[in-house]
Amino acid sequence: MELPCWCLLLLSCLQSLSAHNDFFTSIGQMTDLLYTEKDLVTSLKDYIRAEENKLERVKQWADKLDSLSATAIQDPEGFLGHPVNAFKLMKRLNTEWGDLESLVLSDTTDGFISNLTIQRQHFPTDEDQTGAAKALLRLQDTYRLDANTISVGDLPGVKHKSPMTVEDCYELGKIAYSDVDYYHTELWMAQALRQLDQGEESTLDKVTVLDYLSYAIYQQGEIERALEYTKRLLELDPEHQRAKGNLKYFEFQLEKQKKAAADEAQKQQERGKRETTEKKTKPKKKASFQLIPERKKYEMLCRGEGNKMTPRRQSRLFCRYYDNNHNPKYVLAPVKQQDEWDRPYIVRYLDIISDKEIERIKQLAKPRLRRATISNPITGVLETASYRISKSAWLTGYEDPMIETINQRIEDLTGLEMDTAEELQVANYGVGGQYEPHFDFGRKDEPDAFKELGTGNRIATWLFYMSDVSAGGATVFPDVGAAVWPQKGTAVFWYNLFASGEGDYSTRHAACPVLVGNKWVSNKWVHERGQEWRRPCGLSESE
């Protein structure tokens, strides 16, 4: 028996989806879900048409009988005096009403429900929904976005503006609440309340939202504001038991606070140590960028803020045509190279990978994408981490001639041996995809970091940008204040180790959360073995 076309398409989609989970960690794989949803919508419309057809037949039957009955009851005996009318009444009640009953009870949902049941097995999970919600909260913090900006969909570089409903805002607040994150609970419950106050229609009521909002505010120590929202809740629902209890408790705590403050003021008066606003204090100096905590530096750089290179240092950065000491492949057609940063020295190669090569890499990688892992520094075991939101796949040179060509290109331009390098890693970032500050090389407290490879430490990193990103997604180096922005078709390169073999700690870097867009990268980690004559050892530790 031949399967219908839509079944074959469905099976194809399911084979693709069944191999994956953690949808929220890869925008590239989430596109499959759009096709799945489109197929479900088509199936749903088929069901609606079948139901409408059934109802139309029932309606026609009802209209016909309504007209007949209206005539018959005006003169029942006269109507039934006609033998044909009497026969047809017997026929209708004995046979036709039974047929109508069968029609009304007929189930037109089989196709849609079976389709939905099959596909539901491969739907995103609660983990995906929670992961996507936490990504929104992460983007909100990193890029300093207020809840209303996100809710109306007014993000930089967006092509498809999508506003959030009251239910969407409420769901974000609930997920934050489940994480005991009362700061974000307040922000999103307040946004849900604001939209309700503006008249947006919703199945949610203000009482439910105010209940969460008042408690979240109380948990942050703002009892007076929590009391105000509780009073507003009770105006809407005077019999709300929890709010009635909270009202008494908040009033008691507020009175207790005021009494404690009054007692403290009295004690200060007795000791003659009243604080005055007249006392002049020296203005605080702005904190040096180097003294700012790494997390703050990371977020500042992601926003395009932070450390700026001095004009003198900038004047030493150049762009050039590069042939790597007259490499025969590039003497007549040198590549475009530009300096991105001086310490550590980071260079970018422009137009170094073609669109055709990019599409081929993505085509090879997409079916194999799996949640990106990190190596546990204590156990050495590969594991997923909340600070690395992406999926990755590894491509070897023998799988496709194009991969081997790309590997050779990296060798020709860096002068480093690729036989001992790791395979080409392809990564696609998910919703708010990021990789927080990390080192590519193994530190002294991780002597077994790459022991199983037997090729020494990671001497250098080559990173291809295979897509433009509308907003966010920069590669930043928090210790030095460098930020490198994605540019499709380019690659950046830096050494992780000094020539002496010591680690260059200034290369600690991070991938900023993707605010808007789809970020694809691929990278090559080059190892020490095989570089003995290509990059001789230096004589000093930091050389």
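In this convention, every chain numbers its residues from 1, walking through the sequence in written order. Thresholds applied to this predicted model are a pLDDT of at least 70 for local features of residues and 80 or more for the giving and counting of side-chain atom pairs; totals over whole chains, interfaces and linings are not thresholded and use all residues. Note that water and hydrogens are dropped before the side-chain values are worked out from all heavy atoms of the structure.

Let us now look at the sheet that holds strand E7 (residues 390-395). Two strands pair if DSSP finds at least two bridges between them. Each helix is a run of H or I in the DSSP string that is no shorter than four residues. Each strand is a run of E no shorter than two, and both are numbered from the N terminus. Spatially, E1-E2-E3-E14-E10-E17-E8-E7-E4 is the arrangement adopted by the nine strands of the open sheet, whose pairing is antiparallel. Both edges of this open sheet fall to strand E1 (319-322) and strand E4 (370-371), since each of them pairs with a single strand only. Pairing between strand E3 (residues 346-350) and strand E14 (residues 490-495): three bridges, direction antiparallel. Counted as the bridge partner of Val347 is Phe493 from E14. Only heavy atoms enter the contact rule, under which two residues are in contact if any of them lie within 4.5 Å. Axis lines are fitted to C-alpha atoms, over the contacting stretch for helices. Their N-to-C directions set the angle, which ranges from 0 to 180 degrees. The sheet strands contacting helix H2 (residues 27-72) are E7, strand E8 (424-429) and strand E17 (520-527), and the helix crosses E8 at an angle near 55°. Contacts from helix H15 (residues 355-365) reach E7, E8 and E17, with the element oriented near 100° to E7.

We now examine the nonpolar core. By nonpolar core we mean a set of buried residues, namely Ala, Val, Leu, Ile, Met, Phe, Trp, Tyr and Cys, connected to one another through side-chain atoms within 4.5 Å. Throughout this description, buried means an accessible area under 20% of the type-specific maximum (1.4 Å probe, protein chains only), exposed means over 50%, and partly exposed covers the range between. Tyr143, Trp188, Val209, Val476, Cys512 and Leu515 are the most contacted members of the largest nonpolar core, which totals 46 residues. Residues contacting Val476, with those up to four places away along its chain left out, are Tyr298, Leu301, Cys302, Ala482, Ala483, Arg508, His509, Ala510 and Cys512. Among the nonpolar cores identified, the runner-up in size contains 35 residues, and Val347, Ala393, Phe493 and Val526 belong to it.

This brings us to helix H16 (residues 401-414). In this scheme, a helix's expected span is set at 1.5 Å multiplied by one less than its residue total. In this model H16 runs 20 Å from its N-terminal to its C-terminal C-alpha over 14 residues, within 8% of the 20 Å that 1.5 Å per residue would give. Among the 14 residues of H16, 10 are classified as buried, and the element is accordingly described as predominantly covered. Taken together, the buried positions of H16 are occupied by Met402, Ile403, Ile406, Asn407, Arg409, Ile410, Glu411, Asp412, Leu413 and Thr414. Two or three places before Met402, at the start of H16, stands the capping residue Asp400, its side-chain oxygen 2.8 Å from that residue's backbone nitrogen. Residue Gly415 follows H16 closely and has a positive phi angle near 75°. The term polar contact refers here to a pair of N or O atoms within 3.5 Å; inside protein, the definition further demands a hydrogen-donor-capable atom paired with an acceptor-capable atom, and it admits residues adjacent in sequence only when both atoms are side-chain atoms.

Further remarks concern the environment of Tyr47. Mapped onto the elements of the fold, Tyr47 is located in helix H2. Spatially, the C-alpha atoms of Tyr47 and Asp110 are 8.6 Å apart, while their sequence positions differ by 63 residues. Setting aside residues no more than four positions away along its own chain, Tyr47 makes contact with Thr108, Thr109 and Phe112.

Attention now moves to helix H10 (residues 206-219). If you check H10, its first and last C-alpha atoms are 20 Å apart, about what 14 residues at 1.5 Å a residue would give, namely 20 Å. Burial in H10 covers these residues: Val207, Val209, Leu210, Asp211, Leu213, Ser214, Ala216, Ile217 and Tyr218. Packing partners of the buried residues in H10 comprise helix H8 (166-178), helix H9 (182-197), helix H11 (223-236) and helix H12 (241-271). Immediately beyond the C-terminal end of H10, within one or two residues, lies Gly221, with a positive phi of roughly 90°.

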